[in-house]
Structure formats: C-alpha cells, structure tokens
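One letter stands for each residue in the lines below.
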Amino acid sequence: MEKVKVGIIGCGKISGIYMENCSKFEILELVACADLDLDRAKEQAAAYQIPRALTVPELLADPEIELVINLTIPAVHASVCLEALEAGKHVYVEKPLAVTREEGKQVLDRAAELGLLVGCAPETFFGTGIQTALKMIEEGRIGTPVSAAAFMMSRGHEHWHPDPEFYYAAGGGPMFDMGPYYLTALIQLLGPIASITGMTSAALEEREITSEKKRGQKVKVDIPTHVTGLIRFQGGAVASIITSFDIFGGSTLPNMEIHGTKGTLLVPDPNTFGGPVKWRGVGDSEWTEVPLIPGYDRNTRGIGPADMAYAIRSGRSHRASGELAYHVLEAMWAFHDASSEGKHYTMQSTCETPKPLPTDLPLYTLDQ
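Nothing here was measured: the structure is a model prediction, and the numbers come from that model.

Participant: Before we move on, could you go through the overall build of the protein and cite the residues and values that matter?
Facilitator: Helix and strand counts for the protein stand at 9 helices and 17 strands. A globule of 368 residues ought to have a C-alpha radius of gyration of about 21 Å, and the protein, at 20 Å, matches this closely. When its C-alpha atoms are laid out on the principal axes, the protein stretches across 60 × 50 × 35 Å. In the protein, buried positions account for 55% of the 368 residues.

Spelled out as structure tokens, the structure:
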C-alpha cells in the first residue's frame, strides 16, 4: 500500500512522540514539520531525521503532503485545521477538536464539502488496556453494563509545565484538557452519550507558576477548574465523572470503573495505552488481573493518524474520527452548560462506536 506523506504543524512539547512514532508505521512517511518558530521546527527536524523544516505556509503549499497532523495550541486548532483543509489536505488534530462547538462543526462541515477526512486525538483508546476492557465487556464478562465512574484528580499543571497559561484560558481547564481521554474511553466501552448534567467551580482566581522557566509568574483563571458530571448513555448505562485541577492533597479514587450485572471492571488510566485491567465477578472476594490482549501497550501517539492513513487509502472508516471528537467536544461543553443553566443537556450529536482493533496483525500495520 502506498505510503501517505505527512507534515506536522506545531513543534512543541507533544510533537516529539508523534515524530518518533510516525516512522514506525509502514503507512506513514513524515516528510516535513513546521512551526511559527522556524528554529524550533529545525531543531525537531534534526532530532527526528525529518527531511524538511518549513514555515506553515510552505508546508500547506507542498502538493505531496496529503495528511497534516495539527499539534498547535487549542485556541488555533480549528483555524489551522481549516487552513489545511482549504489546502486540500486531510487533517488529524490534537485534542480537543476545537475550542467551541461552532468551530468544531465548521471544521467537520468544510471537510465533508471538500471530500476530506478529519481525525482527532486522543488515540489512547487504541491501547491494549482499553481494548482489553472492551473485549471483556463484549464477551459478557461483567454482564450488562449498568454504570461507570471516572475520576481525573489533579492539582493542575503549573508546577511542572513550562508554559501552563493555556490550561487556565478558554479551551483549557481539567475537562477540556483531560476530559477527552476519559470521555473517549467511555464512549469506546459504553457507546455514544444521550444526555448530561453537571456542576462546576474554581478554587482559585489565579495560579502561581512554580515550574521553570516562569517560576513566580501569576496566571489568571478564566475557566472552571473542577467539573463534576453525570452521563446517560444511549445504551442505558449511567456514569459519574470528576475532572479537577483543585485536588491539592492527592486522591485515592480509581481512574475508571465499569459496573455490570455480573461484575466490575477496573479500567486503567485512559491517558495511557497499557494496563492493568482488573475484574471482579459476583461472589468473588478478590480482584483478578486480566491478561492484556496483543496490541499497543506503550505511548503510541501517532497511531490515530496511521489508522486514518489506511482509511485514506482503502476508503474504510477510521476510529479516531472527527465525528467522535465532535461528540466529545459537545459533551465537554454540556457539563459547563448544565452547570451554568441548572438543567439537563440533551446531546445533539452522536457518533459510531469505534471498532475494536484487530489483534491478528503485526504491530504498526492497522490495515483493518
């Protein structure tokens, strides 16, 4: 199968793992990278043996590049996606798809008009941890799923991230930062969402950066930093979720649990690819660790674009789709809307539940 030539826009912190992993997938050929800071693009090109470091306009004008991986900051996700689409490129974007629902819909609508594909992170649900949990559910090991609980309990990012300001601006916060991992995993395991309610708060009006290089600088908090929500899935299961940057003393809550009529699954951190997955059936006194199915158990960011590249070549659907990402984007806003308006929110979008990954193919192929 002919390789899909790829260009990456945005050479910041997250770009390295994409650049490293693109070279592992036989369907991808990473030929160029670009950044507003051309020196940074040149540094990454040298570090990961990428043939060309370009300006953004140069990359978009390159006719051989079919797929753009957009790793810019959330505030410009939509605008860069639209530029790539207008240049005739398929586009895969880091989460979230866009800052607002309106922007996200504009991206999907324009892609449909142009006959191009949109994909979006996270792709951690491709990992063997979530895929093993999915297999357990599909085999009926926990019976009919009844409920779920998911917790992302954090003190925020200003103590480690060198540029944490965007986490506290529009499009940031714990739900928009980490919610995509949790919601995407829940949709993979339980299907699309029907309705949502929630409450939000913010413990601090400003944050002090304690990481280098900006130690001592203050960041104004413009978004909720604690989001508590309830979800009803179209299949009937209900879930509770907390995403927070306001847990200053730590927490013992699990990442995720799925409860069924015959047992419970402990699901691993959805921001990782591996395990462990644990199961406890009705009447069992102990948890049993489930052997992981064959697959991707390490940081394999770049697998989403690879799966999308096979879709470009074969015409099949891809798993980390724009429709899935938009459903997640709408859900994230739904928690905030429900809180501010004091009501339940009925989802307007839906999506296909991603197909399980094949387990009978060599790693880094994904041609099914």
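Participant: Please give an account of the pairing of strand S14 (residues 263-267) that cites residues and values.
Facilitator: Taking burial as the measure, the 5 residues of S14 include 4 buried ones, the bulk of the element. Here strand S13 (residues 256-260) pairs with S14 via 4 bridges, running antiparallel. Paired with Ile 258 across the strands is Leu 265, a residue of S14. Taking the residues between adjacent antiparallel strands as the criterion, S13 and S14 are bridged by 2 residues.

Participant: Quick one: what's the story with the packing of aromatic side chains, residue by residue and with numbers?
Facilitator: Per the counting criterion, the structure on display carries 8 aromatic pairs. Here Phe 125 and Phe 126 contribute two aromatic rings whose centre-to-centre distance is 4.8 Å and whose plane-to-plane angle is 55 degrees, an arrangement assigned as tilted. Counting every residue linked through ring pairs, the aromatic cluster contains Phe 166, Tyr 167, Tyr 168 and Phe 245. Residue placement shows Arg 280 over the ring face of Trp 287; its charged tip is 5.7 Å from the ring centre.

Participant: Just give me the short version of the environment of Lys 218, but keep the residues and values in it.
Facilitator: In this structure, Lys 218 sits in strand S10 (residues 218-220). Spatially, the C-alpha atom of Lys 218 lies 50 Å from that of Lys 262, the residues being 44 residues apart in sequence. Excluding anything up to four places from it in sequence, Lys 218 contacts Glu 206, Arg 207 and Glu 208.

Participant: Mind laying out the pattern of salt bridges, listing which residues take part and the relevant values?
Facilitator: Summed over the entire model, instances satisfying the criterion amount to 24 salt bridges. The salt bridge involving Lys 105 is made with Asp 109; its shortest N-O contact spans 2.8 Å. One end of the pair, Lys 105, and the other, Asp 109, are both in helix H5 (residues 101-114), 4 residues apart, so they sit about a helical turn from each other. What emerges from the salt-bridge pattern is a single network uniting Asp 163, Glu 165, Lys 213 and Lys 214.

Participant: Can you tell me about the sheet that holds strand S2 (residues 28-34), naming the residues and giving the values?
Facilitator: With parallel pairing, the 6 strands of this open sheet are ordered in space as S3-S2-S1-S4-S5-S6. The open sheet has two edge strands with one neighbour each: strand S3 (52-54) and strand S6 (118-120). Across the sheet, the mean angle separating the axes of adjacent strands is 25 degrees when strand polarity is ignored. Here helix H4 (residues 77-86) sits on the sheet and contacts strand S1 (4-9), strand S4 (67-70), strand S5 (90-93) and S6; the angle it forms with S5, its principal contact strand, is near 160 degrees.

Participant: Pulling in residues and values, what's your account of the packing of helix H7 (residues 173-190) against helix H9 (residues 322-341)?
Facilitator: Packing of H7 against H9 leaves a shortest axis separation of 9 Å and a crossing angle of 120 degrees. By the angle class used here, H7 and H9 are oblique. Classified by chirality, the crossing of H9 by H7 is right-handed. Residue-level inspection shows Met 175, Phe 176, Gly 179, Pro 180, Leu 183, Thr 184 and Ile 187 of H7 in contact with H9, the latter providing Leu 324, His 327, Val 328, Leu 329, Ala 331, Met 332, Trp 333, Phe 335 and His 336. Per-class residue counts for the contact of H7 with H9 are 12 nonpolar, 4 polar and no charged.

About the cut-offs
All chains use their own residue numbering, which begins from 1 and follows the written sequence. Predicted model: local features are reported for residues with pLDDT of at least 70 only, side-chain atom pairs are reported and counted for 80 or more only, and whole-chain, interface and lining totals are derived from all residues. Excluding hydrogens and water, the side-chain figures rest on all heavy atoms present in the structure. Secondary structure elements follow DSSP: runs of H or I of four or more residues count as helices, runs of E of two or more count as strands, with numbering from the N terminus. Radius of gyration: C-alpha atoms only; globule rule: 2.2 Å multiplied by the number of residues to the exponent 0.38. Buried residues are those whose accessible area, probed at 1.4 Å on protein chains only, stays under 20% of the maximum for their type, while exposed residues exceed 50% and partly exposed ones sit between those limits. Between any two strands, pairing holds if DSSP finds at least two bridges. When two rings of Phe, Tyr or Trp (its six-membered ring) have centres within 6.5 Å they constitute a pair, described as stacked for plane angles under 30 degrees, edge-to-face for angles over 60, and tilted for the intermediate range. By definition, being over a ring means that NZ of Lys or CZ of Arg is both within 6 Å of the ring centre and within 35 degrees of the ring normal. Pairs of residues are marked as contacts when any of their non-hydrogen atoms sit within 4.5 Å. Here, a salt bridge means any Lys or Arg side-chain nitrogen found within 4 Å of an Asp or Glu carboxyl oxygen. A fitted line through C-alpha atoms serves as each axis, taken over the contacting stretch for helices, and the angle formed by two N-to-C directions is quoted from 0 to 180°. In what follows, roughly perpendicular refers to angles from 65 to 115 degrees, roughly parallel to angles under 35, roughly antiparallel to angles over 145, and oblique to any angle outside these ranges. For any pair of crossing helices, the crossing counts as left-handed if the nearer helix is rotated counterclockwise from the farther one by less than a right angle, and right-handed if it is rotated clockwise. Under the scheme applied here, ten amino acids are nonpolar (Ala, Val, Leu, Ile, Met, Phe, Trp, Tyr, Cys and Pro), four are charged (Asp, Glu, Lys and Arg), and all others, including Gly, are polar.

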